[in-house]
Amino acid sequence: MLSGLITMRRKLVAGNWKMHGALTQNAELLDAVRSGMVTMPGVDCAVCVPFPYLAQAQQKLSGGAVKWGAQDVHQLDKGAYTGEVSAAMLRDFGCSYVIVGHSERRAYYGESSHLVAEKFLAAQRVGLTPILCVGESLEQRESGITEEVVAGQLDALIQLGGVQALRNAVVAYEPVWAIGTGKTATSAQAQAVHAFIRQRVASHDGKIASGLCILYGGSVKANNAAELFAMPDIDGGLIGGASLVADEFLAICRAGART
Ligand code: 13P
């Protein structure tokens, strides 16, 4: 079995602020997260903030244990694309991570799995770590096609970039029905999809599969994080609402450090 027993993967807990924030409240949140993260071995922690707050995140978090990133990126390196932001621009602000293919972008902005794969590779070209989001809707789960949907989202990247693109990479399984709904997938439901993702990558390359960091996202809170993170193929979380509350977010990071 390709579980955490074979490779000791570090946990990652990444916050996704989505379209929330304001300078004054961000300053408090970033200070609290930075000072609370001083000693947590075994877990990496990051916050993905809206573009305008990247400079603030960089200023507040530089030199500390918390990394930062963005929530989207353009697939091309530069050009006449008004309003868009390139991966190199994110790197200029010290980003380590960028989320690509979040279900909200797939649903509201029509992002296809092919476009998401292009964004993933654009981020990697400049040395950022993209976090590839995959996940099924409630309707898809109820029709029994969860694995088919997730496989399609993953395969688009493997087709475009080869399995090599997933070396030391981060994938986040975020069932759409669990995002912002308070309805968390059970640890068994999440583990089953995480194991499926790892197996699918392993069918191309076992070593890459066992090094792959697979996060769970969807209503992760301080009171359910430890149970989720204890599963062998769950390597941390992508945290929405709870990342806006310092104590809650830090408690989730601590759960990652313990498991
Ligand atoms: P919630 O944690 O608010 O459910 O959001 C999950 C998410 O979409 C993170 O990217």
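Quantities reported herein were computed from a predicted structural model and do not represent experimental measurements.

### Here's the deal with the pattern of salt bridges
In step 1: Going through the model one piece at a time under the given rule, you end up with 14 salt bridges.
In step 2: A salt bridge links D235 to R9; the shortest N-O distance between them is 2.9 Å. Here R9 lies in the segment before strand 1 (11-16) and D235 lies in the loop between helix 10 (225-229) and strand 8 (236-239), a separation of 226 residues in the sequence. Each member of the pair, D235 as well as R9, carries the same accessibility label: buried.
In step 3: A salt bridge links R10 to D44; the shortest N-O distance between them is 2.9 Å.

### Topic: the sheet that holds strand 8
Where strands meet in a sheet, backbone hydrogen bonds hold them as pairs that are either parallel or antiparallel.
In step 1: Sheet architecture is closed into a barrel: eight strands sit in the order 1-2-3-4-5-6-7-8, paired in parallel fashion. Averaged over all adjacent pairs, the angle separating strand axes in this sheet is 30°, with direction ignored.
In step 2: In this sheet, strand 8 lies alongside strand 1 in parallel orientation, the contact comprising four bridges. Looking at the pairing, A14 lines up with L238 of strand 8.
In step 3: The strands touched by helix 7 (residues 146-161) within the sheet are strand 5 (129-134) and strand 6 (170-173), with strand 5 carrying the most contacts at an inclination of about 150°.

### Quick look at the confidence of the model for the protein
In step 1: Mean pLDDT for the protein: 95, with 97% of residues reaching 70 or above.
In step 2: Across residues 1-5, confidence stays below pLDDT 50; counting only partners more than four residues off in sequence or on other chains, it has 15 contacts.

### Let's talk about the packing of aromatic side chains
In step 1: Applying the stated criterion across every chain, the model contains one aromatic pair.
In step 2: Taking 6.3 Å as the distance between ring centres and 55° as the angle between the ring planes, the aromatic pair formed by Y173 and Y216 counts as tilted. Here Y173, found in strand 6, pairs with Y216, found in strand 7 (residues 213-217); they are 43 residues apart in sequence, far enough to count as distant.
In step 3: Over the ring of Y109 we find R105; its NZ or CZ atom is 4.2 Å from the centre of that ring.

### Quick notes on helix 2 (residues 54-61)
In step 1: Within helix 2, the full set of buried residues consists of L54, Q56, A57, K60 and L61. Looking down the long axis of helix 2, one finds its buried residues gathered within 160° of arc, a one-sided arrangement.
In step 2: Tucked into the core, helix 2 has its buried residues touching helix 1 (23-36), strand 2 (43-48), strand 3 (66-70) and helix 3 (87-92).
In step 3: Phi turns positive one or two residues past the end of helix 2, at G63, with a value near 85°.

Cut-offs used in this document
Residues numbered from 1 in each chain as written. Predicted model: local features only at pLDDT ≥ 70, side-chain atom pairs only at ≥ 80, totals over all residues. Heavy atoms only, no water. Salt bridge = Lys/Arg side-chain N within 4 Å of Asp/Glu carboxyl O. Helix = DSSP H or I, 4+ residues; strand = E, 2+ residues; numbered from the N terminus. Buried < 20%, exposed > 50% of the residue type's maximum accessible area, 1.4 Å probe, protein only. Pairing = 2+ DSSP bridges. Axes fitted to C-alpha atoms, helices over the stretch in contact; angles between N-to-C directions. Contact = heavy atoms within 4.5 Å. pLDDT = per-residue confidence, 0-100. Phe/Tyr/Trp six-rings, centres within 6.5 Å; stacked < 30°, edge-to-face > 60°. Lys NZ or Arg CZ within 6 Å of the ring centre and 35° of its normal. Arc of directions from axis to C-beta.

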